[in-house]
Amino acid sequence: MSSERHGRPSRKRLADAYDAGAVIVCDLVYAELVPAFPDRSSLDGAMRQIGVRVSSINPSIAYEAGLRWKQYRSRGGPRTRIVTDFLIGAHAVAEANVFLTRDRGFFSSYFPELEDSD
């Protein structure tokens, strides 16, 4: 199970990020977290407990995501990647110093300026 394999390392990386400064997620990541909680108050409570701030994607971030999506598709990138992946990456470039992800290969290819937390 993924949570068994990734749970402990993910918790450590999140704790390290918290210790280093504020932890933010974009509104799309917030939406991705919804299925892991029984209701909104539980999700919001967990976010408050660990000090996570939700940051919205603005038009400048969306435009940058669109440019990188276009580059991906023009290079023959398959439709297995969706524009949401590019929105998350562009948000991280604009709003974060360090990026936490398990999908390093993709993000390092299309968002090389993102610093990984390792």
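The structure contained in this document is the topic of the report that follows. (Residues numbered from 1 in each chain as written. Predicted model: local features only at pLDDT ≥ 70, side-chain atom pairs only at ≥ 80, totals over all residues. Heavy atoms only, no water.)

Let us look at the overall build of the protein chain. Within the protein chain, the secondary structure is distributed over six helices and two strands. Helices and strands appear in the protein chain in the N-to-C order α-β-α-α-β-α-α-α. Computed over C-alpha atoms, the radius of gyration of the protein chain comes to 15 Å, within 12% of the 13 Å expected from 2.2 N^0.38 for 118 residues, which places it in the range of a compact globule. For the protein chain, the spread of C-alpha atoms along the three principal axes comes to 40 × 30 × 30 Å. A buried classification covers 29% of the 118 residues belonging to the protein chain. When contacts within the protein chain are restricted to residue pairs at least 6 apart in sequence, those whose partners lie at least 24 apart make up 56%. Total accessible area on the protein chain is roughly 7,800 Å²; 54% of this is exposed by carbon and sulfur atoms. Computed over 16 positive and 15 negative side-chain charges, the inter-centroid distance for the protein chain is 4 Å. (Helix = DSSP H or I, 4+ residues; strand = E, 2+ residues; numbered from the N terminus. Rg over C-alpha atoms; globule rule 2.2 N^0.38 Å. Buried < 20%, exposed > 50% of the residue type's maximum accessible area, 1.4 Å probe, protein only. Contact = heavy atoms within 4.5 Å. Areas by Shrake-Rupley, 256 points an atom, 1.4 Å probe, with all protein chains shown as cover. Lys, Arg positive; Asp, Glu negative; His and termini not counted. Charge placed at Lys NZ, Arg CZ, Asp CG, Glu CD.)

Another aspect to go through is the pattern of salt bridges. Tallied over the entire structure, the rule returns four salt bridges. One salt bridge in this structure joins Arg-40 and Asp-44, with 3.3 Å as the shortest N-O distance. Of the two residues, Arg-40 and Asp-44 are both situated in helix 3 (residues 40–49); the distance of four residues between them amounts to about one turn of the helix. Residue Arg-68 pairs with Glu-64 through a salt bridge whose shortest N-O separation is 2.7 Å. With Arg-68 and Glu-64 both in helix 4 (residues 59–74) and four residues apart, this pair spans about one turn of that helix. Here the salt bridges do not stand alone but share partners, grouping Glu-64, Arg-68 and Glu-113 into one network. (Salt bridge = Lys/Arg side-chain N within 4 Å of Asp/Glu carboxyl O.)

Side chains of strand 1 (residues 23–26) alternate between two faces, with Val-23 and Val-25 and Ile-24 and Cys-26 buried alike. For strand 1 and strand 2 (residues 52–55), the ladder comprises four bridges, and the chain directions are parallel. Paired with Ile-24 across the strands is Arg-53, a residue of strand 2. (Pairing = 2+ DSSP bridges.)

All right, on to the packing of aromatic side chains then. Under the definition given, this model contains 11 aromatic pairs. Between the aromatic rings of Phe-86 and Tyr-110, the centroid separation amounts to 5.8 Å while the plane-to-plane angle is 70°, which identifies the pairing as edge-to-face. Taken together, the residues Phe-86 in helix 5 (residues 83–95) and Tyr-110 in helix 6 (residues 104–110) connect sequence positions 24 residues apart. The pair formed by Phe-86 and Tyr-110 is uniform in burial state, with each residue classed as buried. Clustering of aromatic rings is evident, with ring pairs tying together Trp-69, Tyr-72, Phe-86, Phe-99, Phe-106, Phe-107, Tyr-110 and Phe-111. Directly above the aromatic system of Phe-106 lies the positively charged group of Arg-81, at a separation of 3.9 Å from the ring centroid. (Phe/Tyr/Trp six-rings, centres within 6.5 Å; stacked < 30°, edge-to-face > 60°. Lys NZ or Arg CZ within 6 Å of the ring centre and 35° of its normal.)

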